[in-house]
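A look at the structure
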Amino acid sequence: MALSSTFWRLNLLSKPSVSHIQTSLRALKPFFNPTPRPISSLPISSFSNSSITKNPTSLESKTRTPYPQDDLVVLGIETSCDDTAAAVVKSNGEILSQVISSQADLLAQYGGVAPKMAEEAHLQVIDQVVQEALDKANLSERDLSAVAVTIGPGLSLCLRVGVRKARKIAGTFSLPIIGVHHMEAHALVARLTEQELQFPFMALLISGGHNVLILARDLGHYVQLGTTIDDAIGEAYDKIAKWLGLDLRRSGGPAIEELAREGDAKSIKLSTPMKQHKDCNFSYAGLKTQVRLAIESKNINATIPVSSATSEDRKSRADIAASFQRVAVLHLEERCERAIEWALKIEPSVKHMVVSGGVASNQYVRARLDQIVTKNNLQLVCPPPSLCTDNGVMVAWTGIENFCMGRFDPPPPADEPEDIEFDLRPRWPLGEEYAEGRSEARSMRTARIHPSLTSLVQASLQQQL
């Protein structure tokens, strides 16, 4: 039989028994959307990474399945990297609670994310964060309709903490569980804050680990127009902030943005990355090298905090910060302008461009991209800064959107072994690559441990035809 609830996203290496699945389906009956569009359970190995053609046609109708009534309540859990987050959200868009435990001190200590240390930090606070989210919402686990959790992309050690917690709650209280794609969540949270945002729309997702330009044609159907070839912009911000002796407890982005206001953005000559490549992909490794050389030429000592630097030294650091930020964002602007052109070829009805992810909190980034978007007769949509950085709200909301389409798993066994291995997806593309956007850069990371989310959804839909 085709089991809509055995999708799909949280497949375990050891599968639940048929009797358990049947029991779970009976338990789920009250939660099903009256007219769900189910996704069949398909083995991962059956999917191929075929590229999107120049003018792909969606298998899904553009008509959205109506949400259930406003009493759907979902707990979202996010542990993909260095923040432990949980939130409770209703299907009418009401955020009942949001809790985030930052690892800022660890970031400052290690100069970036140390996976093992990050895992231990998640383990220390995950129970408290989830409980606080429930308490702030004045709810218990029995009041939930489902649990959503990030399963990729991210750091495996960190993802595992959130998935284990989500499955424990779902198993104990017989709740359906939704595995969430981290980057899809960054894109879809804009639909929580901007009610007019309908498919199709464009999205630039910029964070510490990812730069992705996508065309969102429908829920679960994304065309990748551009992606990160080596280092993402957020990683470049963090690394350069460290080299400049800035306070990393705030993360590199805000620290550089603040210092850059004191500097001359054209004082240091830096080359814009990938000018010779007429695609929409991103590269920040070369720009990082240029900045490192500039820092060395100015004899800046990163062990001396910028707060203790001489006025002359501080001015040099500010000039470098401003020059880096100008060129780093110029790279975004050029890629976005070309991506808009490509997206309108595929979907002329596109009216909005979402900019989300941690770097989207940067006001300079927003202002520059707003000029590009407005110039091309589109509207820029940015979630509030608190929903740009990693958070549980975006996971819960994405869980709601997918739940309403019938894309979720049944409750796991209540007595699930502690040492069970989960199907985590640390490298999990969101969309299929646009044919004209294939990178010529040799450093492109091509390893794909998992097929893209879009290929999973589209192959499932194809099987039902």
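Described below are features of the structure shown in this document. These figures come from a predicted structure and were not determined experimentally.

1. Focus on the overall build of the protein chain
- Of regular secondary structure, the protein chain possesses 13 helices and eleven strands.
- Counting the 465 residues in the protein chain, one finds 57% classified as buried.
- Contacts in the protein chain between residues far apart in sequence, at least 24 positions, make up 78% of those at least 6 positions apart.
- As displayed, the protein chain offers around 18,900 Å² of accessible surface, 50% of which is attributable to carbon and sulfur atoms.

2. Here's the deal with the pairing of strand β3 (residues 95-102)
- Relative to β3, strand β2 (residues 83-90) runs antiparallel, the two sharing seven bridges. Note that in β3 the partner of Ala86 across the bridge is Val99.
- Following β2, the chain reverses through four residues before pairing antiparallel with β3; Gly93 in that reversal takes a positive phi of roughly 95 degrees.

3. Section: unusual backbone geometry
- Pro153 follows Gly152 through a cis peptide bond whose omega is -15 degrees.
- Relative to the helices and strands, Pro153 is located in the loop between β4 (146-152) and α4 (156-172).
- Geometrically, the link from Phe199 to Pro200 is a cis peptide bond, its omega value of -5 degrees lying close to zero.
- Structurally, the position occupied by Pro200 is in the loop between α5 (182-193) and β6 (201-206).
- A positive phi angle is found at Asn138, which is not glycine, with a value near 55 degrees.

4. What to know about the packing of helix α7 (residues 252-260) against helix α9 (residues 311-346)
- Running from amino to carboxyl end, α7 crosses α9 at an angle of 115 degrees, the nearest separation of the two axes being 8 Å. Considering the angle they form, α7 stands roughly perpendicular to α9. Classified by chirality, the crossing of α9 by α7 is left-handed. Here Ile256, Glu257, Leu259 and Ala260 of α7 come into contact with α9, specifically with Arg314, Arg317, Ala318, Ala321, Ala322, Phe324 and Gln325.
- Residue classes in the contact of α7 with α9 are distributed as seven nonpolar, one polar and three charged.

5. Quick notes on the nonpolar core
- Ranked by size, the top nonpolar core spans 72 residues in total, and within it Leu75 and Ile77 carry the most contacts.
- One finds Leu204, Phe324, Ala339 and Trp342 within the second-largest nonpolar core, a separate group that totals 58 residues.

6. Focus: the pattern of salt bridges
- Using the criterion set out here, one finds 18 salt bridges in the structure.
- Note that Asp279 and Arg335 form a salt bridge whose closest N and O atoms lie 2.9 Å from each other. Taken together, the residues Asp279 in the loop between α7 and α8 (285-297) and Arg335 in helix α9 connect sequence positions 56 residues apart. Side by side, Asp279 and Arg335 carry an identical accessibility label, which is buried.
- The closest approach of N and O atoms between Arg425 and Asp423, which form a salt bridge, is 2.8 Å.
- Taking the relative accessible area as the measure of exposure, Arg425 reaches 1% and is therefore buried.

7. Digging into the sheet that holds strand β9 (residues 352-356)
- Read from one edge to the other, the open sheet built from six strands follows the order β10-β9-β6-β7-β8-β11, with strand pairing classed as mixed. Strands at the two margins of the open sheet, each flanked by one partner only, are β10 (379-381) and β11 (432-433).
- Relative to β11, strand β8 (residues 221-227) runs parallel, the two being bridged by two bridges. Residue pairing in the sheet places Val223 in a bridge with Glu432 of β11.
- Where α5 meets the sheet, it contacts β6, β7 (211-218), β8, β9 and β10, and its direction lies at approximately 125 degrees from that of β6.
- Contacting β6, β9 and β10, helix α10 (residues 363-375) runs over the sheet at an angle of about 150 degrees to β10.

Reading the values: the criteria
Every chain begins its residue count from 1, and numbering advances along the sequence as written. Given that this is a predicted model, residues contribute local features only at a pLDDT of at least 70 and side-chain atom pairs are listed and counted only at 80 or more, while totals for whole chains, interfaces and linings are drawn from all residues. Note that water and hydrogens are dropped before the side-chain values are worked out from all heavy atoms of the structure. Helix and strand assignments come from DSSP, with helices taken as H or I runs of at least 4 residues and strands as E runs of at least 2, each series counted from the N terminus. Exposure is judged per residue with a 1.4 Å probe applied to protein chains only, and the accessible area is read against the type maximum: over 50% gives exposed, under 20% gives buried, and values in between give partly exposed. Any two residues having at least one pair of non-hydrogen atoms within 4.5 Å are treated as being in contact. Computed by Shrake-Rupley with a 1.4 Å probe, the accessible areas treat only the displayed protein chains as cover when residues are assessed. Strands were regarded as paired on the criterion that DSSP finds at least two bridges between them. In this analysis an axis means a line fitted to C-alpha atoms, helices contributing only their contacting stretch, and an angle means the value between N-to-C directions, from 0 to 180 degrees. Here is the rule for angles: anything less than 35 degrees is roughly parallel, anything more than 145 is roughly antiparallel, 65 through 115 is roughly perpendicular, and the remaining ranges are oblique. Left-handed describes a crossing whose near helix is turned anticlockwise from the far helix by less than a right angle; the clockwise case is right-handed. When residues are grouped by polarity, Ala, Val, Leu, Ile, Met, Phe, Trp, Tyr, Cys and Pro land in nonpolar, Asp, Glu, Lys and Arg in charged, and all others, Gly among them, in polar. As used in this record, nonpolar core signifies buried Ala, Val, Leu, Ile, Met, Phe, Trp, Tyr and Cys residues forming a set joined through side-chain atoms within 4.5 Å. A side-chain nitrogen of Lys or Arg and a carboxyl oxygen of Asp or Glu constitute a salt bridge if their distance falls within 4 Å.

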